[in-house]
Amino acid sequence: MILRRINIRMSGLGGQGAVTAAHVMAMAASKDGKFAISNPFFGAEKRMAPAESYCRIGLRKIYDRGELVFPDVIQVFHPQVITMGKSYTMPFYSGIKEGGLVIINTDMPLLSDEDVTRLKDLNVSVFNIPGTNIAMEIAGTELATNMTMIGSVAGITKCVSMEALDLALQERFGKKFVASGGTATLDEAIKKKFAKKEMLLKKNLDTVARSYEIAAEWAEKNHVELMVGEAAAA
Amino acid sequence: MAGQPSPIGQKNKKGQVYTDPWKMMNEAERTPSFFTGSEVIKEAIRRASCDVMIAYPITPQSEAAALIGELFAEGYIGDYFRGESEFAVMSQCAGAAFGGARVFTTTAGPGTMRAMENFPMWAGARLPIQMIVTCRGINSPLSIQPDTLEISYLMQTGMLVWHAETAQDFYDWILKGYMVSEEPDVHLPLALCCDGFFVTHTKDMVDLTPVDMCLPPYDPYRSPVPCMDMECPPVRMMRDPFVMKSNYISYATHASWQQEVWAAVERSRKHAIRWLDGLIDTENTDTDVLVVASGTAVSQSREAIAMLEDEGIQVGLVKVKTLRPWPGEEIREATKHAKHIIVPEFNVAGWLAREVKATIPNNERVHAGPHVCGGMTMPPEIIAAEVKTVLGIKAPSLAGRGG
């Protein structure tokens with residue numbers, strides 16, 4: 001399916017970097033010459049509470065903002081979004097468009113038979129990726145889980161290029177950036193963890209690249225196509 | 001100041017050049033920047049030659065307030081401090097403005113309501129304070145998410161009230177806002193509103209004016225009322241207030257002064273038309289169905305209109321930019337061909353629909369809604385569904401999709 005715009009809902013938990021992931025995706029899309037908007041949605045900021053962010057990428061100017069009620073792609077950053085209902089919608093895939101895509105960070109199947117049937121009825125593809133494991137393996141910290149989510153959605157949809165993601169990551173982590181007091185503290189924490197900024201950038205990028213490869217391979221093998229382009233080209 | 005040479009062309013202590021505001025806003029080269037709305041507020045204030053900014057944390061304006069603290073640390077603001085509460089902040093803003101300073105502050109939702117007593121006081125005292133309102137829910141159960149109900153209260157205070165759609169509007173209107181509200185025949189506070197989160201926390205492309213240009217400083221001698229001097233308070237307000245007297249003179253003074261405040265709101269019209277290029281924007285107003293909206297509801301309507309266009313349904317749009325002054329004549333003209341007028345709003349009361357109904361003939365054409373409230377998002381799909389409903393076109397139910 002080729003869409004003029006791809007709407008991505010990122011469902012995660014506070015502290016996982018879902019907001020950052022949407023910002024990085026939108027920055028990268030903007031660097032690729034596409035139109036993009038990202039925005040977060042959360043309650044009182046605290047760790048492990050539901051937090052969502054939204055990224056819209058397209059070929060025309062985007063006005064739409066706020067929660068993505070009818071997304072093309074849903075990314076689940078944490079199994080608890082599904083298993084403990086830490087989601088702004090029940091079920092977590094409520095509103096997904098026909099022919100859409102669900103990407104779940106998990107190393108085991110999480111969906112009930114009912115979920116599987118409903119998603120199948122809507123012709124929605126489901127991709128499980130052990131994102132946290134990959135983050136631990138490559139970056140040495142689960143804080144890089146969001147990088148695997150960026151890589152996986154980019155790998156399947158190609159809505160942003162790896163080059164642009166590299167530039168966006170440099171912009172996001174290479175210089176002083178204040179989104180909020182809480183985010184600034186988290187940024188500092190992760191910067192200390194990587195000791196050096198360059199190492200942080202490299203490990204983040206490696207994590208993105210690895211998950212990009214895995215996801216791209218999966219999409220090819222399973223003939224999943226969800227791209228941004230002029231619909232007439234479809 | 002009176003009798004002193006113009007500051008235009010001189011440099012401030014940060015090396016920025018005081019620039020003719022019209023040239024700065026309309027002719028200077030712009031740099032596209034991918035920023036959140038909060039960062040955009042900071043960048044506008046960097047160029048606004050503000051004397052005083054007073055802050056108090058309340059989501060979703062806290063980031064902007066904190067970022068302006070950084071500006072102060074960098075030396076771009078005369079003074080910056082945190083008040084004890086929103087009420088204190090707005091009272092302190094009044095003090096600073098009485099003293100002849102260009103004042104900026106930000107608030108949101110319950111903060112706006114808590115400070116409400118100050119706003120008619122600001123207007124009555126003719127203080128051209130600029131207040132950013134990043135709207136959020138005000139009712140219980142609490143919400144930090146956008147809901148524009150607080151604007152309906154601000155509209156009766158005598159302040160100028162503008163409703164920005166995007167971060168670009170915000171950037172431009174912060175700077176232009178001072179130019180309008182500081183005019184001697186206006187000299188009123190401005191509540192520059194946006195829908196919190198949708199503007200403040202959204203990353204979007206914004207064209208910024210050069211960083212080395214800034215507005216000329218505020219000239220308090222252009223005020224139509226004297227600067228505060230406790231030895232000689234204006235119209236005996238402080239030493240012998242009217243509230244202490246019950247006589248014809250005190251009533252007459254009150255009445256005439258309140259009328260003068262609202263006359264000043266009206267007089268701001270010509271300046272706002274010039275700076276904002278009209279009080280409303282219109283698209284395709286010869287269609288049968290027209291959407292009239294302000295703030296983020298305009299953005300969501302643009303998406304809905306594009307969706308409907310793909311299905312061959314033509315819908316026009318009126319973007320209301322200023323609520324005070326109210327663009328009644330403009331709206332009457334823009335809606336004269338419309339058979340159906342849809343007014344989508346991010347609040348339960350539907351205040352914009354009420355204003356429109358009070359303005360136009362045959363107001364049964366106005367369909368108040370769709371409404372979302374308490375911080376809900378308004379998907380363009382529900383605006384499109386509303387349009388189809390009034391046109392008698394069957395639309396598939398949106399409820400329970402995928403559920």
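Residues numbered from 1 in each chain as written. Chains lettered and ligands numbered in written order. Predicted model: local features only at pLDDT ≥ 70, side-chain atom pairs only at ≥ 80, totals over all residues.

Peer 1: Which residues make up the overall build of chain A, and what values do they have?
Peer 2: Looking only at helices and strands, chain A has eight helices and eight strands in total. Compactness check: chain A gives a C-alpha radius of gyration of 16 Å against a globular reference of 17 Å for 234 residues, within 12% of the reference. Principal-axis analysis of the C-alpha atoms gives chain A an extent of 50 × 40 × 35 Å. Each of the 234 residues in chain A was classed as buried or not, and the buried ones make up 51%. The contacts in chain A between residues at least 6 apart in sequence include a share of 77% that link residues at least 24 apart. (Helix = DSSP H or I, 4+ residues; strand = E, 2+ residues; numbered from the N terminus. Rg over C-alpha atoms; globule rule 2.2 N^0.38 Å. Buried ≥ 20, exposed ≤ 12 C-beta atoms within 10 Å, placed from the backbone. Contact = placed C-beta atoms within 7 Å.)

Peer 1: Could you give me a rundown of the sheet that holds strand 8 (residues 190-195) of chain B, with the residues and numbers involved?
Peer 2: Residues and elements named next belong to chain B. Spatially, the seven strands line up as an open sheet ordered 4-3-5-6-8-7-14, and their pairing is mixed. Each edge of the open sheet is held by one strand with a lone partner, namely strand 4 (79-82) and strand 14 (322-324). When the angles between neighbouring strand axes are averaged without regard to direction, this sheet yields 20°. Bridge analysis of strand 7 (residues 160-163) against strand 14 gives two bridges, and the strand direction is antiparallel. When the bridges of strand 14 are listed, Trp-162 appears paired with Thr-322. This element, helix 8 (residues 167-181), spans strand 6 (130-135), strand 7 and strand 8 of the sheet and lies at about 165° to strand 8. (Pairing = 2+ DSSP bridges. Axes fitted to C-alpha atoms, helices over the stretch in contact; angles between N-to-C directions.)

Peer 1: Residues and numbers for the interface of chain A and chain B, please.
Peer 2: If you look at the interface, chain A gives 26 residues, while chain B gives 26 residues. If you list the elements that add at least two residues to the side of chain A that touches chain B, you get helix 1 (18-31) and strand 3 (35-42) of chain A. Among the residues forming the side of chain A that touches chain B, the class breakdown is 13 nonpolar, ten polar and three charged. (Nonpolar A, V, L, I, M, F, W, Y, C, P; charged D, E, K, R; others polar.)

Peer 1: Give me the domain arrangement of chain B: which residues, what numbers.
Peer 2: Residues and elements named next belong to chain B. Along its sequence, chain B is organised into domain 1 (17-222) and domain 2 (280-390). Between the C-alpha centres of domain 1 and domain 2 there is a distance of 26 Å. Every contact between the two is made by 21 residues of domain 1 and, on the other side, 20 residues of domain 2. Looking at which element gives the most residues to the side of domain 1 that touches domain 2, the answer is strand 7, with four residues. In terms of residue class, the side of domain 1 that touches domain 2 is built from eleven nonpolar, seven polar and three charged. (Domains from an automatic or database assignment.)

Peer 1: Help me get a handle on the packing of helix 2 (residues 37-46) of chain B against helix 8 of chain B, residues and values and all.
Peer 2: All names here are of chain B. At their nearest, the axes of helix 2 and helix 8 sit 9 Å apart, and the two run at 20° to each other. Viewed along their axes, helix 2 and helix 8 adopt a mutual orientation that is roughly parallel. Crossing hand, helix 2 versus helix 8: right-handed. Contacts between helix 2 and helix 8 involve Gly-37, Val-40, Ile-41, Glu-43, Ala-44 and Ile-45 from the first element and Ala-167, Phe-170, Tyr-171, Ile-174 and Leu-175 from the second. (Parallel < 35°, antiparallel > 145°, perpendicular 65-115°, else oblique. Left-handed = near helix turned anticlockwise from the far one by under 90°.)

Peer 1: Could you give an account of the pairing of strand 12 (residues 289-293) of chain B, with specific residues and numbers?
Peer 2: Residues and elements named next belong to chain B. With five of its five residues buried, strand 12 lies for the most part within the structure. Every second residue of strand 12 is oriented toward a common face, with Val-289, Val-291 and Ala-293 on one face and Leu-290 and Val-292 on the other, all of them buried. Note: strand 12 against strand 13 (residues 315-320), five bridges, orientation parallel. Following the sheet pairing, Val-289 is matched in strand 13 by Val-315.

Peer 1: Tell me about the environment of Glu-217 of chain A, and please be specific about residues and values.
Peer 2: For Glu-217 of chain A, the location among the structural elements is in helix 8 (residues 197-221). C-alpha of Glu-217 of chain A to C-alpha of Gly-155 of chain A: the two residues are 62 residues apart in sequence and 8.2 Å apart in space.

Peer 1: Can you tell me about helix 8 of chain B, naming the residues and giving the values?
Peer 2: Residues and elements named next belong to chain B. Here helix 8 is 15 residues long and its end C-alpha atoms lie 20 Å apart, about the 21 Å a rise of 1.5 Å per residue gives. The sharpest bend along helix 8 comes to roughly 35°, located at Trp-173. Of all 15 residues making up helix 8, 13 are buried, and the element is well covered by its neighbours. (Expected span 1.5 Å × (residues − 1). Bend = angle between axes of the 7 residues up to and from the residue.)

Peer 1: Talk me through the environment of Arg-222 of chain B; I want residue IDs and the actual numbers.
Peer 2: All names here are of chain B. The residue Arg-222 is located in the loop between strand 10 (213-214) and helix 9 (248-276) in this model. C-alpha separation for the pair Arg-222 and His-187, spaced 35 residues apart in sequence, amounts to 8.6 Å. If sequence neighbours within four positions are ignored, Arg-222 has contacts with Glu-182 and Pro-184.

Peer 1: Which residues make up unusual backbone geometry, and what are the values?
Peer 2: All names here are of chain B. Omega for the peptide link from Thr-59 to Pro-60 comes to 5°, which places this bond in the cis form. Its place among the elements puts Pro-60 in the loop between strand 3 (52-55) and helix 3 (62-74). Cis geometry marks the peptide bond from Gly-369 to Pro-370; its omega dihedral reads 5°. As for its placement among the helices and strands, Pro-370 is situated in strand 16 (residues 366-371). A positive phi angle, close to 50°, is found at Ser-49, a residue other than glycine. Secondary-structure assignment places Ser-49 in the loop between helix 2 and strand 3. With 22 C-beta atoms counted inside 10 Å, the residue Ser-49 sits in the buried group.

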